[in-house]
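Architecture at a glance
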Amino acid sequence: MNFTRDDFPKGFLFGAATSSYQIEGHAQGGAGPTHWDTFAATPGNVVRAENGALACDHYHRYEGDLDLVRDANLDVYRFSTSWARVLPEGRGGPNPEGLDFYDRLVDAMLERGLKPAATLYHWELPSALADLGGWRNRDIAGWFGDFTEVIMRRIGDRIWSAAPINEPWCVSWLSHFLGHHAPGLRDIRGTARAMHHVLLAHGTAIQVMRGLGMGNLGAVCNFEYAQAADDSAESRAAAARYDAYYNRFFLSGIFQGRYPAEALEGLEPHLPSGWQDDFATITAPVDWCGLNYYTRKLIAAGDWPWPALREVEGPLPKTEMGWEVYPDGLAHFLTTTAREFTGALPLYVTENGMAGADRPGQPDQPRIDYINAHVDKVRQVIADGVPVRGYFLWSLMDNYEWALGYEKRFGLVHVDFDSLQRTPKASYDALKLALTRSC
Ligand code: FCB
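Residues numbered from 1 in each chain as written. Predicted model: local features only at pLDDT ≥ 70, side-chain atom pairs only at ≥ 80, totals over all residues. Heavy atoms only, no water.

Side note on the overall build of the protein
Each helix and strand counted, the protein has 15 helices and eleven strands in total. By its C-alpha atoms, the protein is 55 × 50 × 45 Å across when sized along the principal axes. A buried classification covers 62% of the 439 residues belonging to the protein. Long-range pairs, those at least 24 residues apart, make up 76% of the contacts in the protein between residues at least 6 apart in sequence. Separation between the mean location of the 40 positive side-chain charges and that of the 55 negative ones in the protein comes to 2 Å. (Helix = DSSP H or I, 4+ residues; strand = E, 2+ residues; numbered from the N terminus. Buried < 20%, exposed > 50% of the residue type's maximum accessible area, 1.4 Å probe, protein only. Contact = heavy atoms within 4.5 Å. Lys, Arg positive; Asp, Glu negative; His and termini not counted. Charge placed at Lys NZ, Arg CZ, Asp CG, Glu CD.)

As structure tokens, this is what we get:
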């Protein structure tokens with residue numbers, strides 16, 4: 001790596017992130033069914049119809065996995081709790097094995113000197129709640145608040161930070177408008193409702209955790225730099241629409257108690273009645289903001305209903321996801337988030353990383369280059385006064401990459417999905433060296 005710990009302010013934290021469904025092995029330990037199990041079982045949704053039933057078997061191998069986090073000299077482990085593992089029916093009686101698992105997991109982090117950074121929801125909605133309309137049903141805010149209370153009563157005393165929902169855009173737009181993720185819907189009304197309810201659930205969970213006396217609570221959103229594909233006024237307006245519903249909708253809701261005008265143009269007719277009254281909950285104060293960043297998109301106008309735009313293939317080098325490598329976008333979002341939304345609040349890069357075609361023993365240089373280029377931007381914006389306090393890699397190890405199955409490998413650690421053997425990649429070794437503590 002082209003950086004060391006000493007290039008960052010004292011106390012700056014490095015971490016690695018994962019999520020429950022992507023690594024645990026959902027079929028084990030008494031977890032209930034989720035909408036990802038059935039989405040994956042429906043032909044055409046997921047590469048080879050793969051699912052998270054076994055994944056990395058982290059459920060049984062978490063001690064060794066946490067050893068890997070510690071041995072990389074990382075400070076923070078960002079993980080998520082599976083709603084259906086804790087409450088198999090989404091509501092009602094908890095699964096004692098599930099609660100015990102997260103209890104052990106958090107203790108195992110603390111034993112290794114790692115800071116546990118919990119995300120309450122990283123996408124596997126219990127099927128029983130999906131049956132009731134899932135994120136389109138306003139009641140989800142209350143169900144989510146109840147889940148928050150159950151899991152945090154058990155582990156909330158020992159975690160370092162908590163965020164309710166990973167990437168509200170993916171939970172709502174990607175899953176209800178584009179149909180790429182569970183529940184695979186393509187409906188503007190359902191999308192608008194999901195976008196609003198996901199924020200209502202976020203605020204509700206923040207209030208529940210405050211009520212339990214917890215601190216260091218945040219929000220984690222994802223961002224894609226939206227650039228007009230050409231100089232036309234139409235393309236520029238299309239990129240502004242993309243930016244509004246993707247990058248600004250959720251931050252505006254949480255930090256300003258309103259939605260951007262360019263997003264309301266298309267969404268307002270579909271929002272639930274009385275939506276403005278929910279901002280009192282949605283703006284429940286948070287202590288930090290997390291940004292997940294991977295790429296940019298070139299956007300042109302399209303001759304069809306709102307948002308009337310399309311993505312155009314860009315010229316920059318791409319990762320295995322087909323995503324352009326564009327580190328300037330990370331600097332852009334860190335800077336604008338602080339300037340327009342969060343002020344002096346600590347910011348964390350809660351996800352950044354790339355999928356590579358690597359095998360153990362083969363060069364992992366593109367990932368090292370990707371990390372270097374993005375960490376460099378973090379360093380630059382800190383020098384400009386942006387309060388970035390940490391940088392977390394996606395991901396600790398290769399895992400279930402949602403609709404792309406096990407094909408896309410984001411890990412610092414290679415996983416052989418037949419033997420489940422873990423093998424650190426060159427990027428892992430380079431990071432470990434860069435993060436060696438001097439004393
Ligand atoms: C993010 C998700 C994470 C993973 C990475 C590649 O959007 O939070 O689960 O899929 O993308």
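Brief notes about the site of the ligand
In the vicinity of the ligand, the residues found are Gln22, His122, Trp123, Asn166, Glu167, Tyr294, Glu351, Trp394, Glu401, Trp402 and Phe410. Between the ligand and the protein, one listed contact pairs an oxygen atom with a side-chain N or O atom of Asn166 at 2.9 Å. Within the side chain of Glu351, a nitrogen or oxygen atom sits 3.0 Å from an oxygen atom of the ligand. Contact with the protein chains covers 95% of the free accessible surface of the ligand, which is 290 Å². Per-class residue counts for the shell around the ligand are five nonpolar, three polar and three charged. (Near = heavy atom within 4 Å. Polar contact = N/O pair within 3.5 Å; in protein donor to acceptor, adjacent residues only side chain to side chain. Areas by Shrake-Rupley, 256 points an atom, 1.4 Å probe, with all protein chains shown as cover. Nonpolar A, V, L, I, M, F, W, Y, C, P; charged D, E, K, R; others polar.)

So, the pattern of salt bridges
Applying the stated rule across the entire model yields 35 salt bridges. Here Glu149 ties to Arg153 by a salt bridge, and the two come within 2.7 Å at their closest N and O atoms. Residue Glu149 and its partner Arg153 are both found in helix α7 (residues 140–155); the two are separated by four residues, about one turn of the helix. Among the residues examined, Arg153 registers a relative accessible area of 59% and is labelled exposed. Residue Lys408 pairs with Glu407 through a salt bridge whose shortest N-O separation is 3.8 Å. With a relative accessible area of 13%, Lys408 lands in the buried category. Linked by salt bridges that have partners in common, Glu63, Asp67, Arg70, Asp71, Glu111 and Arg112 make up one network. (Salt bridge = Lys/Arg side-chain N within 4 Å of Asp/Glu carboxyl O.)

Comments concerning the side chain of Asn95
Relative to the assigned elements, Asn95 resides in the loop between α4 (83–86) and α5 (96–111). Excluding its chain neighbours within four sequence positions, the residues that come into contact with Asn95 are Gly29, Gly30, Ala31, Arg85, Val86 and Pro88.

Points about the packing of helix α8 (residues 168–176) against helix α10 (residues 233–256)
Between α8 and α10, the least distance of the axes is 10 Å, while the angle of their chain directions is 135°. One finds that α8 runs oblique with respect to α10. Where α8 crosses over α10, the two elements pack in a sense that is right-handed. Contact residues: Pro168, Trp169, Ser172 and Trp173 in α8; Tyr245, Tyr246 and Phe250 in α10. Partitioning the contact of α8 with α10 into residue classes produces six nonpolar, one polar and no charged. (Axes fitted to C-alpha atoms, helices over the stretch in contact; angles between N-to-C directions. Parallel < 35°, antiparallel > 145°, perpendicular 65-115°, else oblique. Left-handed = near helix turned anticlockwise from the far one by under 90°.)

Here we look at the nonpolar core
Judged by nonpolar contacts, the single largest core of 132 residues is most densely connected at Trp83, Trp135, Met152, Tyr245, Leu334 and Val378. If we skip the residues at most four places from it in the chain, Met152 touches Ala118, Leu120, Asp157, Ile159, Ala162, Met209, Leu212 and Met214. (Core = buried A, V, L, I, M, F, W, Y, C linked by side-chain atoms within 4.5 Å.)

Regarding helix α9 (residues 188–211)
For α9, which comprises 24 residues, the first-to-last C-alpha distance of 35 Å matches the rise-based estimate of 34 Å (1.5 Å per residue) to within 8%. Burial within α9 is extensive, with 19 of its 24 residues counted as buried. Gly213, located one to two residues past α9, shows a positive phi value of around 85°. (Expected span 1.5 Å × (residues − 1).)

Details of the packing of aromatic side chains
Here the structure, examined in full by the defined rule, presents 47 aromatic pairs. Relative to Tyr326, the ring of Tyr225 lies with its centre 5.3 Å away and its plane at 35°, an arrangement referred to as tilted. Of this pair, Tyr225 sits in strand β5 (residues 218–228) while Tyr326 sits in the loop between β7 (309–312) and α13 (328–342), placing them 101 residues apart in sequence. A single burial state applies to Tyr225 and to Tyr326, both of which are buried. Here the aromatic residues Tyr21, Trp36, Phe39, Trp123, Tyr400, Trp402, Tyr406 and Phe417 are joined through ring pairs into a cluster of three or more. Between the NZ or CZ atom of Arg186 and the centre of the ring of Phe177, over which it lies, the distance is 6.0 Å. One residue, Arg296, lies across the ring of Tyr326, its end atom 5.0 Å from the ring centre. (Phe/Tyr/Trp six-rings, centres within 6.5 Å; stacked < 30°, edge-to-face > 60°. Lys NZ or Arg CZ within 6 Å of the ring centre and 35° of its normal.)

Digging into the environment of Gln28
Mapped onto the secondary structure, Gln28 falls in the loop between α1 (20–23) and α2 (35–41). Linking Gln28 and Val415, residues 387 residues apart in sequence, is a C-alpha distance of 19 Å. Aside from chain neighbours lying at most four places away, what touches Gln28 is Ala53, Leu54, Asp57, Tyr59, His60 and Arg85. In this structure the side chain of Gln28 is engaged in a polar contact, spanning 2.8 Å, whose partner is the side chain of Asp57.

Here we look at the side chain of Ser19
Considering the arrangement of structural elements, one finds Ser19 in the loop between β1 (13–17) and α1. A polar contact of 2.8 Å, which involves the side chain of Ser19, links it to the side chain of Gln22. Apart from residues lying up to four places away in sequence, Ser19 is in contact with Ser80, His122, Trp394 and Trp402.

Observations concerning helix α14 (residues 365–383)
Counted at 1.5 Å a residue, the expected span for α14 with its 19 residues is 27 Å, and the 27 Å between its end C-alpha atoms agrees. Looking only at α14, the buried set comprises Arg367, Ile368, Tyr370, Ile371, Asn372, His374, Val375, Lys377, Val378, Val381 and Ile382. Lining the buried residues of α14 we find β6 (288–301), α13, β8 (347–351), β9 (388–394) and α15 (426–434). Gly385 sits one or two residues past α14 and shows a positive phi near 100°.

A short note on unusual backbone geometry
For the bond running from Trp306 to Pro307, omega is 10°, close enough to zero to count as cis. You can see Pro307 is positioned in the loop between β6 and β7. With an omega of 15°, the peptide bond running from Trp394 to Ser395 counts as cis. Relative to the helices and strands, Ser395 resides in the loop between β9 and β10 (413–415). At Glu167, a position not held by glycine, the phi torsion is positive, near 55°. The residue Glu167 is located in the loop between β4 (161–165) and α8 in this model. For Trp402, which is not glycine, the phi torsion reads 50° and is therefore positive.

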